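Listed here are the chains, written in short residue letters.
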Amino acid sequence: MIFGHGTVVNQPIHTFLLCCCAVLLGHCLLAARGNVFRDYPGCDLGFSIGLGLGAFGAAFLAARLLFQAGPFLSGSLVVALALLAIALYFLSGSKTTRGELPSAGQGGLYVLLGLFGLLFLVSHYNGAGGEQDAWFIWNLKAAFLSGDGACLAESLRSTNHPDYPLVLPGTIACLWSVTGQKTFAAPASIAFLYALGLLVLLQAAATRRSGPFIGLLGLLFLLATPFFTTLTAWQYADIPLAFYIVGVFTAVLLHDLRPDRRLLLLAWVLAALACWTKNEGILFFCALLPPRLIISFRKKNFFELSCLFFASLAVGVSLVAFKQFILVPNDLWANLHWRAMLGQLLDSHRHALIGRFLTATLTSAATWQYVPLLFLAFVLILGPDKRKLTQEGSVTCLAAIVLALLGYYGVYLLSYQDLSWLMQTSIDRLFMHYWPGIVLVLLCCVKTEALPGLQKVCLSVVCSRMLLVGVAVFALAITLYTRSLTANHPLVHAVETLTSMRIALDRYHAVHGAYPVSQALGDGWDNGFLREGQSEETFEEDIGDAYSYRSDGKDYKLLGHFRTPQTGAAIISAYPDMLNTSRCCSFGFWTNAARDW
């Protein structure tokens, strides 16, 4: 078994030291020719995280795939070269000059980051160390990369989505290879660091462009989005991709304030790493090309044109070589022909279905808590600053966002796979790729002249260190107490799963105007809805093995099952509205007309 022998739940010390080594390597790469971020506090740490982790993964992949080195040798070489670079950097007498944040902004930043760490820990332990697809896609690839299998290409082909880029699995495999054990701490630490770097970059860039009040608001809007922390804890590659997108946006936005070639070079390095993080990163790279090409040609910026050319060449050659190494077509396009694509392009039903799904997603109270709508309302109230909005960096970011989202629309439109299933399983994650970037760019382009009074009040009251620390301690105590009451209880997991199914049913109804009709088995109950995209769960101890679902299209009833009176008493106490009185030993959700089914 891939995750059997040698897999341990905790080995944090070695993993922590290796992560510190990666971040220090990123700092050395960032400041190799002088620290361009001495006037931008916070950017140094954020960029160092992404550069260091990306360099670890890319170097490990080069050793494993290009030079055919063994996993331990590859990991050891990466760490040895990193330590050598760090030693040379500090022995050369290089020093980093750091700016100072306002005390209120600094205190608020530390507290918000601490709260994010707390939320991540709770989500991580509730999710048992990552969502299922994380282990079946990225972590499974990391297991093969860190294993001693003779045929690495064949092993990678056997995984789900074998054509996915490998920087994230390469980073995980590097840590696993050096420590000698496949620890749960490695992918969790990497996921947390990418999210931490994203938050730091967003706050630092927004603070530098619009002030500390706007910087903290950006963090608040992102942390108020429940799916951000949830997706981070799932350990998918979506948050690392979002980090590199925010990193590119930060570099070009800061270039507007102080033109520096190193910022443009950094932007294209991060864009290249985005290509090797997810296939969607390739789309982002392509969306970034047109605005930067136009700007570079207009200003005759031959340095950026050179960066663009070499980045495109490196990305193109390496990805083509990887696709040839894997020899597996992309699952979205494998069975599609140009005639079918033309028919789908002109299919008005597909356009309408995509529109309904997008509307249902943006107005979802469960996944997004209306945060995007509240954020847009806040931005409209402040109003756009035309001077900031027309700067080259802002135009680049907005154009890249629009082109990338149009690209996602085209993928949905042309893919041969079932459109409802495809959108239901991916739309939230795809929107999260650009949600932090949208928050950053719009906050960097709002008017701030009309907010001096509000900023003073908020920075002196809301951002007071003592008040925020007190709120954080209280939230920590409440969270840990709640966690101690509900941790690892099968009933809690069952309720959470039923709730996610109900949300999926509501979204399905919003798009199609009806609920999925059950396939009548026996007395009319089956798991037909589960076969349309929801995974079936098995719970130990008292909770039943599956769920029952019944629907005539107009109404539905979704039930879980229990066996003992003790669990029934717990449901009556904690979830009284979910207890089903028409069928013995069951609980769940239903429409009013289906109450007595």
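Residues numbered from 1 in each chain as written. Predicted model: local features only at pLDDT ≥ 70, side-chain atom pairs only at ≥ 80, totals over all residues. Heavy atoms only, no water.

Overview of the overall build of the protein chain
For clarity, the threshold we go by: Helix and strand labels come from DSSP, where a helix needs a run of H or I of at least four residues and a strand needs a run of E of at least two; each type is numbered from the N terminus. Buried means the residue's accessible area, taken with a 1.4 Å probe over protein chains only, is under 20% of the maximum for its type, while exposed means over 50%, and partly exposed covers the values in between. By definition, residues are in contact when any of their heavy atoms lie within 4.5 Å. All accessibility values rest on the Shrake-Rupley procedure with a 1.4 Å probe; residue burial counts only the protein chains present in the view.
Tallying secondary structure elements over the protein chain gives 24 helices and five strands in all. The buried share of the protein chain, taken over its 597 residues, is 54%. Taking as baseline every contact in the protein chain between residues at least 6 positions apart, the subset at least 24 positions apart corresponds to 77%. Carbon and sulfur atoms make up 66% of the accessible area of the protein chain, which amounts to about 26600 Å² in all.

A closer look at the confidence of the model for the protein chain
The line we're drawing: Each residue carries a pLDDT value, the predictor's own confidence for that position, ranging from 0 to 100.
When the pLDDT values of the protein chain are averaged, the result is 77; 75% of them are 70 or greater. Per-element confidence in the protein chain is highest for helix α11 (residues 238-257), whose mean pLDDT is 93, and lowest for strand β1 (residues 7-8), whose mean pLDDT is 42. Across residues 97-104, where pLDDT falls below 50, the model places 15 contacts with residues more than four positions away in sequence or in other chains.

Side note on α11
Here is the rule we go by: By this rule the span expected of a helix is its residue count minus one, scaled by 1.5 Å.
In this model, α11 (20 residues) spans 29 Å end to end at C-alpha, consistent with the 28 Å of a helix rising 1.5 Å per residue. Burial analysis of α11 places 19 of its 20 residues in the buried class, the great majority of the element.

Here we look at the sheet that holds strand β5 (residues 586-590)
Filter applied, for reference: Only strands joined by at least two bridges in the DSSP assignment are considered to pair. The axes are straight lines fitted to the C-alpha atoms, using for helices just the contacting stretch, and the angles between their N-to-C directions are given from 0 to 180°.
Spatial ordering of the open sheet is given by β3-β4-β5, a layout of three strands whose pairing is antiparallel. Each edge of the sheet is formed by a strand with only one pairing partner; in this case those strands are β3 (548-551) and β5. Put simply, the sheet's adjacent strands are angled 20° from each other on average, direction ignored.

Brief notes about the pairing of strand β4 (residues 556-561)
Each regular strand carries side chains that alternate between the two faces of the sheet. β4 sits mainly inside the fold: five of its six residues count as buried. Summarising the sheet, β3 and β4 pair through four bridges and their orientation is antiparallel. Bridge pairing links Tyr549 to Leu558 in β4. Pairing of β4 with β5 involves five bridges; the strand directions are antiparallel. Directly across from Lys557, in β5, lies its bridge partner Trp590.

Considerations on the packing of helix α2 (residues 43-66) against helix α3 (residues 71-91)
Inclusion rule: Roughly parallel here means an angle under 35 degrees, roughly antiparallel means over 145, roughly perpendicular means 65 to 115, and every remaining angle is called oblique. Helix crossings fall into two classes, left-handed where the near helix is turned counterclockwise from the far one by less than a right angle and right-handed where it is turned clockwise. Just so you know the grouping, Ala, Val, Leu, Ile, Met, Phe, Trp, Tyr, Cys and Pro go in nonpolar, Asp, Glu, Lys and Arg go in charged, and all remaining residues, Gly too, go in polar.
One can describe the packing of α2 onto α3 by two numbers: an axis separation of 9 Å at closest approach and a directional angle of 135°. Between α2 and α3, the interaxial angle falls into the category oblique. Considering how the two elements wind past one another, α2 and α3 form a crossing that is right-handed. Counting all contacts with α2, which are made through Phe56, Ala59, Phe60, Ala63 and Arg64, the residues of α3 involved are Pro71, Ser74, Gly75, Val78, Val79 and Ala82. Here the contact of α2 with α3 is composed, by residue class, of eight nonpolar, two polar and one charged.

Some remarks on the environment of Thr390
Short version of the rule: Under this definition, polar contacts are N or O atom pairs within 3.5 Å; protein pairs additionally need one hydrogen-donor-capable and one acceptor-capable atom, and for neighbouring residues in sequence, both atoms have to be side-chain atoms.
With respect to the helices, strands and loops of the structure, Thr390 is situated in the loop between α18 (386-389) and α19 (392-414). Assessed through its relative accessible area of 61%, Thr390 is described here as exposed. In the structure, Thr390 is positioned 55 residues away from Cys445 in sequence and 9.0 Å away in space, judged by C-alpha atoms. A distance of 2.8 Å separates the side chain of Thr390 from the backbone oxygen of Lys386, its partner in a polar contact.

Quick notes on the side chain of Ser296
Note on placement: Ser296 falls in helix α13 (residues 279-299). From its side chain, Ser296 meets the backbone oxygen of Arg292 in a polar contact 2.8 Å long. What Ser296 contacts, discounting residues up to four positions off in sequence, is Asn301, Glu304 and Leu305.

Quick word on the packing of aromatic side chains
Counted only if it meets this: Classification of ring pairs rests on two measures: the distance between centres of Phe, Tyr or Trp rings, Trp counted by its six-membered ring, which must be within 6.5 Å, and the angle between planes, read as stacked under 30 degrees, edge-to-face over 60 and tilted in between. By definition, being over a ring means that NZ of Lys or CZ of Arg is both within 6 Å of the ring centre and within 35 degrees of the ring normal.
Considering all chains together, one arrives at 24 aromatic pairs under this definition. Relative to Tyr236, the ring of Trp138 lies with its centre 5.4 Å away and its plane at 35°, an arrangement referred to as tilted. With Trp138 in helix α5 (residues 132-145) and Tyr236 in the loop between α10 (226-234) and α11, the pair connects residues that are 98 residues apart, well separated along the chain. Aromatic pair Phe243 and Tyr244: ring centres 5.3 Å apart, planes at 75°, arrangement edge-to-face. Considered together, Phe243 and Tyr244 belong to a single accessibility category, that of buried residues. Linked through ring pairs, Trp138, Tyr164, Phe227, Trp234 and Tyr236 together constitute an aromatic cluster. Sitting over the face of the ring of Trp590, Lys557 holds its NZ or CZ atom 5.2 Å from the ring centroid.

Thoughts on unusual backbone geometry
With phi around 70°, Gln235 is a residue other than glycine that occupies positive phi space. Within the secondary structure layout, Gln235 lies in the loop between α10 and α11.

Overview of helix α9 (residues 212-223)
Because each turn of an α-helix spans 3.6 residues, side chains separated by three or four positions in sequence point in the same direction. For α9, spanning twelve residues, the distance from its first C-alpha to its last is 17 Å, which sits close to the expected 16 Å at 1.5 Å a residue. The buried fraction of α9 is high, at eleven of twelve residues.

So, the packing of helix α16 (residues 348-362) against helix α20 (residues 419-443)
Look at α16 against α20: their axes get within 11 Å of each other, and the N-to-C directions meet at 40°. Between α16 and α20, the crossing angle belongs to the class labelled oblique. Crossing of α16 over α20 shows right-handed handedness. Residues Arg350, Leu353, Ile354, Phe357, Leu358, Thr361 and Leu362 of α16 touch α20, and the partners they reach there are Leu419, Ser420, Met423, Gln424, Ile427, Asp428 and Phe431.

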